[in-house]
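If you want the building blocks of each chain, they are given just below.
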Amino acid sequence: MASLAFGWNISSSLRGSQNDDVVRAVPVSRSVKFLSLERRLKLRSCHSFSSKRTTSSAAGVARAGTEEAVAVTVEDPVAEEEERGRVLRVGVICGGPSAERGISLNSARSVLDHIQGDDLQVSCYYIDCDFNAYAISSAQVYSNTPADFDFKLESLAQGFASLSEFAEHLAASVDIVFPAIHGQFGEDGGIQELLEKYNVPFVGTGASECRQAFDKYDASLELSKQGFVTLPSFLVQGSEPNELELSKWFVRNQLDPNSGKVVVKPTRAGSSIGVTVAYGVTDSLNKAKEIILEGIDDRVLVEIFLEGGSEFTAIVLDVGSGLDCHPVVLMPTEVELQVHSSGDVSEKDAIFNYRRKYLPTQQVVYHTPPRFPVDVINSIRQGASLLFQQLGLRDFARIDGWFLPSSTNILSSSEGKYGRTGSGTLLFTDINLISGMEQTSFLFQQASKVGFSHSNILRTIIRRACLRFPYLASYNSVSGHLTGRSNASRLTEALNKSEGVRKVFVIFGGDTSERQVSLMSGTNVWLNLQAFDDIEVTPCLLAPSMESMSGVSSDKKDSDVSSRVVWSLPYSLVLRHTTEEVLAACIEAIEPSRAAFTSHLRNQVMDDLMEGLKEHGWFRGFDIGDELPMRFSMEEWVKLAKEVKATVYIAVHGGIGEDGTLQSLLEAEGVPYTGPGVKASRTCMDKVATSLALNHLADKGVLTINKDVRRKGDLVNFPIPDIWHELTSKLQCETLCVKPARDGCSTGVARLCCAEDLAVYVKALEECLLRIPPNSFSRAHGMIEMPNPPPQLLIFEPFIETDEVIISSKSTNISEDRLMWKGRSRWVEVTVGVIGKRGSMHSLMPSVTVKETGDILSLEEKFQGGTGINLTPPPASIMSNEALERCKQRIELIANTLQLEGFSRIDAFVNVDNGEVLIIEVNTVPGMTPSTVLIHQALVEQPPMYPHRFFRTLLDLGSQRFS
């Protein structure tokens, strides 16, 4: 199909009969998919063109947001026939030996989600810690953490005898490889060298250039040689580091040898692993030795700790042709570390480490674009582009650095080097050859700010890489899909039936300690539902209440929930790590001067991109408009949902999203929504009420746990020893489990073994700590995230002893040997999803939950991709098929007794011999993050339900609520 376009969003869906050449011109102003709700209503009322996805050709493409663009499409049946026959085979490789391999799995999931399509076929591969390679199914990419991978590989994957055999397979089976391995073997040139040896095309930088750029010390030397300002550093290597030379280095850089503050980090372990703060020569050497002894790296860098500066990161995209490099730096991001008055973190030592980078936390905030002077942002973009070229990088990369204001004077030797600006000094410190590609990663944040959807930026990277290989050029010449899951006929059908496109509002956020997980859930649902052309999905943020924002706890429910604020969000503002960030970004986005600056920078970057992209026939334009967020009261938002006949997909965990309040507001207006109804939500939110509702099922094998509810004020004001004695006597137990009465998941959940443990917990409540540090109690445990503000009601239960299930990380020939379970108590903890209509709920396959540290599953283990272990289905060595079926029948009995509908998650203890169920809790709005256990279980169904189909099924169940 040949195309000629004026404007940026020409639609490839404007087609008539397959047998006719058709020329059509349609006036459009921007992608309707991302128009504000107000403008959608106007378009709807006047029957304007409303296609869910839009594409545009490369030639003559103007910036997104051009007011009256005209799109012209010329039909070519022969080219269409050729296009249908061409499929680019992409091999995605994930895993690897580094500590970032869990993040690698998240990246691989994201890549698979957004590039798979009619014109692009994806095969998945995994490399374990011992450099063994496997061909895996896409279901494994979605459903497993690294520990799950290693446990199940031999039974579910095709192993290769050697890396050579693996490379030979790739050469014969794929057209191009997309490496998604972070750190060792992914960014150090390892996988690249293997692919180059066997002439396998791949995305990204070559082997020798990777080796130099990945090693922080070597890269710093090269940058200095190229004229960039660099940070003073000292290399520690070998078993006997030179203490005298390091002392001289301290003095030379005006640091006290006894107490000078420095950063100690591996030279070749990625940007987040093993990074720590040290004081003085001795401490520095000790921490360097620890890194070496732990096997992280045998070369360690000691650097000056930068005080008073701001971190930034910038994605570089190569839009050149063939071997010609044309790097364009997208809109940079400022990384702001937040200081909280909590007793568990030494804030003066705060660094952007692994936890802050990859977990939803209030410890870090991102600003895209940075709040830097214009000359600094321009210098970042120019410098990163220059660095990309001089180091010989390819396709894309992420470059991190620091901006030091003029008042900071620690780099006096940098005169005359690149990085000096009128406002301060720039330092480029870390080069990431394979940037993280999680759903809200810097790559997608920055790309969406300048008009790229997830699919568009990933496909642009792949197509650019293909240009280096002449025999792959033909794939580019006929490729024109922006949205990989849809084809021309489906788009045409959606266009012709634009009035039939259903509206979906995905709402997330709220007040509770689970609001960050809610953001992850809502983002995942929103992205997956975009696979369907018959629905139009709008992401919506439920802003925190005034009480929550002030950090003040309250016993009373919000007296006027209808006045709560809901924001409808444009694409780029969803891609944040915390709800606070999203809210701040909304407020910032509508501030006139900030909005004008962001728009100006967006236009500048898009102009730079189009200089290169306009030469590529495969680039069909930017597909994300420059939209602003819209603010509604809850009452206005519900009425809008009613007016546009939207179904509301509820992803608000806890609070009004799970206690029946939101459900009641929607029902009052006849707005369909996902999940259980008002009564069931209220019952399940109250853990005591849940137990009472199920008490009569004991003779049917459904048991409940005794509970005692205490007020926070009573715990603070009464003697701890007396409270402990009362609780253990009443509940007839020696150890207790404490949890918030009306909060969900793992926040605030802890095992208490003695009165002293209770005292520590109560003190954390009283002091409003955000988290309880590891091993604060008498029994070892991991980090415990605490609700903020603290809960007013807490539940105490007997702690149920189960048989510990341990997965050995050591590789053996028999998978069963890696599963260690003594089976003394005969009880294990499971979590089970249930889906269906009220009265006929269906149990998915239960998962045995395996805790990596402590006695309670952490928030990270439940929801952060790459951590935690869920064995789905339970291994036969633990539970027989007969007991498993009885367990599922009782789970369905519980669901139907509680009048659940749509979907929910039930956590319980199960007797492995008879399938008896001891109920823990029921979550009516369970986590829906990319690695949630519900997705694991849906993939075990026959036929397997992949994430986009699973979430669509849940949506359809909600849409049928009032049918």
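This one's a predicted model, so the numbers in the text were calculated from it and none came from an experiment. (Residues numbered from 1 in each chain as written. Predicted model: local features only at pLDDT ≥ 70, side-chain atom pairs only at ≥ 80, totals over all residues. Heavy atoms only, no water.)

1. A closer look at unusual backbone geometry
Operational definition: Working definition: helices are DSSP H or I runs of at least four residues, strands are E runs of at least two. Numbering for both runs from the N terminus. With a 1.4 Å probe rolled over the protein chains alone, any residue whose accessible area is under 20% of its type maximum counts as buried; one over 50% counts as exposed, and the rest are partly exposed.
The peptide bond linking Thr 368 to Pro 369 adopts the cis configuration, its omega dihedral lying at 5°. The linkage connecting Gln 942 with the following residue, Pro 943, adopts the cis geometry, with an omega of -5°. Of note, the phi angle at Phe 185 is positive, near 70°, even though the residue is not glycine. You can see Phe 185 is positioned in the loop between strand 8 (176-179) and helix 7 (190-197). Accessibility expressed as a relative area gives 9% for Phe 185, which makes it buried. Although it is not a glycine, Cys 768 sits at a positive phi angle of roughly 55°. For Cys 768, the position within the fold is in the loop between helix 29 (755-766) and strand 29 (771-772). Accessibility expressed as a relative area gives 37% for Cys 768, which makes it partly exposed.

2. Describing helix 31 (residues 881-897)
Just so we agree on the cut-off: The span one expects for a helix is its residue count, reduced by one, times 1.5 Å. Arc definition: it is the arc formed by the directions from the helix axis to the C-beta atoms. Here, two residues are considered to be in contact whenever any of their heavy atoms come within 4.5 Å of each other.
With 17 residues, helix 31 extends 24 Å from end C-alpha to end C-alpha; this agrees with the ideal 24 Å at 1.5 Å per step. For helix 31, every residue scored as buried is listed here: Ala 883, Leu 884, Cys 887, Lys 888, Arg 890, Ile 891, Ile 894 and Ala 895. The buried residues of helix 31 all sit within an arc of 165° when viewed along its axis, so they share a single face. Along helix 31, exposed side chains directed more than 90 degrees from the buried face belong to Asn 881, Glu 882 and Gln 889. Lining the buried residues of helix 31 we find helix 26 (687-694), strand 25 (702-703), strand 34 (827-836), strand 35 (842-843), strand 38 (902-911) and strand 39 (917-923). In the stretch just after helix 31, Gln 899 is the one whose phi turns positive, near 60°.

3. A look at the pattern of salt bridges
This is how it is decided: Whenever a carboxyl oxygen of Asp or Glu lies within 4 Å of a side-chain nitrogen of Lys or Arg, that contact is scored as a salt bridge.
Scanning all chains against the criterion turns up 44 salt bridges. Asp 297 is paired through a salt bridge with Arg 268; the nearest N and O atoms lie 2.9 Å apart. In this pair, Asp 297 is assigned in the loop between helix 11 (280-293) and strand 12 (299-304) and Arg 268 in the loop between strand 10 (261-266) and strand 11 (276-279), connecting sequence segments 29 residues apart. We classify Asp 297 as buried; its relative accessible area is 7%. Two residues, Arg 602 and Asp 626, come together in a salt bridge whose shortest N-O distance is 3.9 Å. With a gap of 24 residues between them, Arg 602 in helix 22 (residues 592-613) and Asp 626 in the loop between helix 22 and strand 23 (630-633) connect regions that are remote in the sequence. With a relative accessible area of 30%, Asp 626 lands in the partly exposed category. Put simply, Lys 216, Lys 265, Glu 303 and Asp 430 are held in one network by salt bridges that share partners.

4. A closer look at the environment of Ala 759
As for its placement among the helices and strands, Ala 759 is situated in helix 29. Sequence-wise, Ala 759 and Leu 715 are 44 residues apart; in three dimensions their C-alpha atoms are separated by 9.0 Å.

5. Topic: the nonpolar core
Counted only if it meets this: Working definition of a nonpolar core: buried Ala, Val, Leu, Ile, Met, Phe, Trp, Tyr and Cys residues. They are joined through side-chain atoms within 4.5 Å.
Core analysis: the biggest nonpolar cluster contains 154 residues, and Leu 609, Trp 637 and Tyr 649 have the highest contact counts within it. If we skip the residues at most four places from it in the chain, Leu 609 touches Leu 317, Val 319, Val 328, Leu 330, Val 450, Phe 452 and Phe 622. Judged by nonpolar contacts, the second largest core, of 35 residues, contains Cys 684, Val 848, Ala 895 and Val 922.

6. Notes on the packing of helix 18 (residues 515-529) against helix 33 (residues 947-959)
Basically, it comes down to this: Each axis is a line fitted through C-alpha atoms, and for a helix only the stretch in contact is used; angles between axes span 0 to 180 degrees, taken between their N-to-C directions. Roughly parallel refers to an angle under 35 degrees, roughly antiparallel to one over 145, roughly perpendicular to one between 65 and 115, and oblique to any angle outside these ranges. Think of it as three bins: nonpolar holds Ala, Val, Leu, Ile, Met, Phe, Trp, Tyr, Cys and Pro, charged holds Asp, Glu, Lys and Arg, and polar takes everything else, Gly as well.
Their axes nearest at 9 Å, the elements helix 18 and helix 33 cross at an angle of 100°. When the axis of helix 18 is compared with that of helix 33, the two are roughly perpendicular. Residues Asn 524, Val 525, Asn 528 and Leu 529 of helix 18 touch helix 33, and the partners they reach there are Pro 947, His 948, Phe 951, Arg 952 and Leu 955. When grouped by side-chain class, the residues that make up the contact of helix 18 with helix 33 number 5 nonpolar, 3 polar and 1 charged.

7. A closer look at the environment of Gly 422
As for its position among the elements, Gly 422 is in the loop between strand 18 (420-421) and strand 19 (424-432). On the accessibility criterion, Gly 422 (73% relative accessible area) is exposed. Distance from Gly 422 to Val 376, taken between C-alpha atoms, is 8.2 Å for residues 46 residues apart in sequence. Residues contacting Gly 422, with those up to four places away along its chain left out, are Asp 375 and Ser 406.

8. Comments concerning the packing of aromatic side chains
Convention followed: Aromatic contacts are taken between Phe, Tyr and Trp rings whose centres are within 6.5 Å, Trp giving its six-membered ring; a plane angle under 30 degrees counts as stacked, one over 60 as edge-to-face, and the others as tilted.
The full count for this structure, using the stated rule, is 21 aromatic pairs. The interplanar angle of 75° and the centroid separation of 5.4 Å between the aromatic rings of Phe 619 and Phe 622 together place this pair among those described as edge-to-face. The exposure class of Phe 622 is buried, given its relative accessible area of 0%. Feature note: the residues Phe 228, Phe 312, Tyr 418 and Phe 428 constitute an aromatic cluster, connected by ring pairs.

9. Describing the pairing of strand 24 (residues 647-650)
Definition in use: By definition, two strands form a pair when at least two bridges between them are found by DSSP.
Here strand 24 shows two buried faces, one formed by Thr 647 and Tyr 649 and the other by Val 648 and Ile 650. Inspection of the sheet shows strand 20 (residues 502-509) paired to strand 24 by 4 bridges, in the parallel sense. By the bridge assignment for strand 24, Phe 505 is matched with Val 648.

10. Here we look at the side chain of Thr 512
Here is the rule: Two N or O atoms count as a polar contact when they lie within 3.5 Å, although within protein this holds only if one can serve as hydrogen donor and the other as acceptor, and sequence-adjacent residues are included solely when both atoms are side-chain atoms.
By the element assignment, Thr 512 lies in the loop between strand 20 and helix 18. Polar side-chain contacts of Thr 512 include one of 2.9 Å to the backbone oxygen of His 653.

11. A closer look at helix 25 (residues 678-685)
With 6 of 8 residues buried, helix 25 is to be regarded as a mostly interior element. Looking only at helix 25, the buried set comprises Val 678, Ala 680, Ser 681, Thr 683, Cys 684 and Met 685. Packing partners of the buried residues in helix 25 comprise helix 24 (661-668), helix 26 and strand 39.

12. Considerations on the sheet that holds strand 9 (residues 233-237)
Strands sit in the order 9-12-10-11 across an open sheet of 4 strands; the sheet is antiparallel. Looking along the sheet, the strands with just one partner apiece sit at the ends: strand 9 and strand 11. Between one strand axis and the next, the sheet turns through 30° on average, direction left out of account. Direction of pairing for strand 10 relative to strand 11: antiparallel, over a ladder of 4 bridges. Counted as the bridge partner of Val 264 is Thr 276 from strand 11. Seen against the sheet, helix 9 (residues 216-225) touches strand 9, strand 10 and strand 12 and runs at an angle of roughly 55° to strand 12.

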